Amino acid sequence: MSQNPDPRQSMGPLSVGNVVSAGLRLYRDHLKVYLGVAFRATLWSLIPFLGFIIIVVGTVFIAQPDSTSASPADFSALGWILLLTLIIGFPLSIYCIAKSLVNSAIIPRLAFGEIIYNPELIRQIRKILNSKFWQFLFLQILLFFILVGVNIGLSILQFLLFNLPAIMLENLLNNSLISGIWLIIGNIASLIAYLWFLARIFIPEATLAIENDINCIEAISRSWELTKGFAWRIQGIIVLAFLITLPIYIIAILPLMFTIIYFRPLFQNSPDEVFGIISVTFLFTGIIFLLANIVVLPLWQSVKGVIYYDLRSRREGLGMQLRDE
């Protein structure tokens, strides 16, 4: 695989670069299919956001203080609308998010099937993953709270080991340079520790999608088991994939940055004239970000599928078993 990154031409363990190359190759060879799945996943995740925008805009329009047409009946009706929206919209939003997660999980299973010469149809995969519909939602909730706990723990450790000593050093030595360097070291150490932990729980979504007889808790445990001893490699893969996708998001945010910089002198003089332009730019930027997400999502999900295969081939001899078969 050193010369041709076709993931189906080598069943052995992969290097950091080859994992990303394999993900890119799978993405390229199945571009239409992967983009279609990513479009559905993004569209499902967009529905709750659009509903929230409609509620906010409607509330502002009815409750604006200078409105001459607003009446107590309008505010009463608005309250009932918001209450019904909350009762109906919240469960609907949860459902849409779960649908988005299921669609996203289709891609790593597709990628893994291609690598092991066992391709599946999307409708077959979707039927299998729909049986774990709520498991994908619970998995993301668990991962969210786990990462929040990790962030809190790392923040406490960073304060005790780096921030507090830096303050003491600056007071004792009256040297801000040493304390500044110590703070920078602390930030880097905290980031590395966070990435290490992230690498250990990077593929539970792929694990839950590919392995049929596990639940969300077992998927996290399985990810922790498979990534043991390989966290630094996965960190390298995450950084490399991030660098590859970063230009796409930079391009997406350029219109907003240009508009803010160009019209900034007018903010103090005539902000009303700029408000419409900024609003349109935000909308345009949001659309570009959605398109960027559709383009980027298949790469990350393909890489997760390749990582899952690579870890199993290293820890469990998956590639040798397939060659024997």
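Per chain, residues are indexed from 1 in the order of the written sequence. The predicted nature of this model means local features are confined to residues of pLDDT at least 70 and side-chain atom pairs, given and counted, to a pLDDT of 80 or more, with totals for whole chains, interfaces and linings taken over all residues. Only hydrogens and water are set aside; all other atoms, that is, all heavy atoms of the structure, feed into the side-chain values.

Participant: Tell me about the confidence of the model for the protein chain, and please be specific about residues and values.
Facilitator: Across the protein chain, the average pLDDT comes to 81, with 76% of residues at 70 or higher. Known as pLDDT, the predictor's confidence for each residue is given on a scale from 0 to 100. Where helices and strands are cited, they refer to DSSP runs of H or I of at least four residues and of E of at least two residues respectively, numbered from the N terminus. The lowest-confidence element of the protein chain is helix H11 (residues 318-324), averaging 48 in pLDDT; the highest-confidence one is helix H7 (residues 204-210), averaging 94. Contacts were defined at the residue level, with two residues in contact if any of their heavy atoms lie within 4.5 Å. Scored below 50 in pLDDT, residues 1-5 shows 12 contacts in the model against residues more than four places distant or in partner chains. This model gives residues 320-325 a pLDDT under 50, and the stretch forms five contacts once residues within four places in sequence are excluded.

Participant: Please give an account of the side chain of lysine 132 that cites residues and values.
Facilitator: By secondary structure assignment, the location of lysine 132 is in the loop between helix H4 (122-130) and helix H5 (133-173). Categorising residues by exposure relies on relative accessible area from a 1.4 Å probe, with only protein chains included: less than 20% of the type maximum marks a residue as buried, more than 50% marks it as exposed, and the intermediate range marks it as partly exposed. Charge counting follows a simple rule: Lys and Arg are positive, Asp and Glu are negative, and His as well as the terminal groups are ignored. We define a salt bridge as a side-chain nitrogen of Lys or Arg found within 4 Å of a carboxyl oxygen belonging to Asp or Glu. For lysine 132, which is buried and forms no salt bridge, the nearest opposite charge comes from aspartate 213, at a distance of 6.7 Å. Excluding anything up to four places from it in sequence, lysine 132 contacts Leu208, Glu211, Asn212, Asp213 and Ile214.

Participant: Which residues make up the nonpolar core, and what values do they have?
Facilitator: In this structure, Leu129, Phe136, Ile203 and Ile307 are the most contacted members of the largest nonpolar core, which totals 58 residues. With 10 residues, helix H3 (residues 72-115) is the single largest residue contributor to this core. The definition of a nonpolar core used throughout is a set of buried Ala, Val, Leu, Ile, Met, Phe, Trp, Tyr and Cys residues joined through side-chain atoms within 4.5 Å.

Participant: Requested: an account of the pattern of salt bridges, with residues and values cited.
Facilitator: Using the criterion set out here, one finds eight salt bridges in the structure. The residue glutamate 120 makes a salt bridge to arginine 109 at a minimum N-O spacing of 2.9 Å. In this pair, glutamate 120 is assigned in the loop between H3 and H4 and arginine 109 in helix H3, connecting sequence segments 11 residues apart. For glutamate 205, the salt bridge goes to lysine 304, with nearest N and O atoms at 3.2 Å. Taken together, the residues span a long stretch of sequence, with glutamate 205 in helix H7 and lysine 304 in helix H10 (residues 271-316) at a distance of 99 residues. Each member of the pair glutamate 205 and lysine 304 is classed as buried. Each of the salt bridges in this network shares a partner with another, and the network as a whole consists of Arg25, Arg28 and Asp29.

Participant: Summarise the environment of phenylalanine 258; cite the residues concerned and give the values.
Facilitator: Within the secondary structure layout, phenylalanine 258 lies in helix H9 (residues 231-263). We classify phenylalanine 258 as exposed; its relative accessible area is 56%. For the pair phenylalanine 258 and threonine 281, spaced 23 residues apart in sequence, the C-alpha separation works out to 9.6 Å.

Participant: With reference to specific residues and values, describe H5.
Facilitator: Multiply 1.5 Å by the residue count of a helix minus one, and that product is the helix's expected span. Counted at 1.5 Å a residue, the expected span for H5 with its 41 residues is 60 Å, and the 58 Å between its end C-alpha atoms agrees. Along its length, H5 reaches its greatest deviation from straightness, about 45°, at phenylalanine 159. Turning to H5, its buried residues are Phe133, Phe136, Leu137, Leu139, Leu143, Leu147, Val150, Leu154, Gln158, Phe162 and Ala166. Where H5 terminates, the next one or two residues include asparagine 174, which has phi positive at roughly 55°. Note that bend, as reported per residue, equals the angle between axes fitted to the 7 residues terminating at that residue and the 7 residues originating from it.

Participant: Any chance you could break down the packing of H5 against helix H8 (residues 216-226) for me, citing the residues and the numbers?
Facilitator: Close contact between H5 and H8 brings their axes to 8 Å; oriented N to C, the two are set at 55°. Considered as vectors, H5 and H8 are oriented oblique to each other. In this structure, the crossing between H5 and H8 has a hand that is right-handed. Where H5 approaches H8, its residues Gln135, Phe138, Leu139, Leu142, Leu143 and Ile146 are matched on the opposing element by Cys216, Ile217 and Ile220. Residue polarity follows a fixed list, in which Ala, Val, Leu, Ile, Met, Phe, Trp, Tyr, Cys and Pro are nonpolar, Asp, Glu, Lys and Arg are charged, and the others, Gly among them, are polar. Split by residue class, the contact of H5 with H8 holds eight nonpolar, one polar and no charged. What counts as an axis is a line fitted to C-alpha atoms, over the stretch in contact for a helix, and the angles between N-to-C directions run from 0 to 180 degrees. Roughly parallel refers to an angle under 35 degrees, roughly antiparallel to one over 145, roughly perpendicular to one between 65 and 115, and oblique to any angle outside these ranges. The sense of a crossing depends on the near helix, which, turned anticlockwise from the far helix by less than a right angle, makes the crossing left-handed and, turned clockwise, makes it right-handed.

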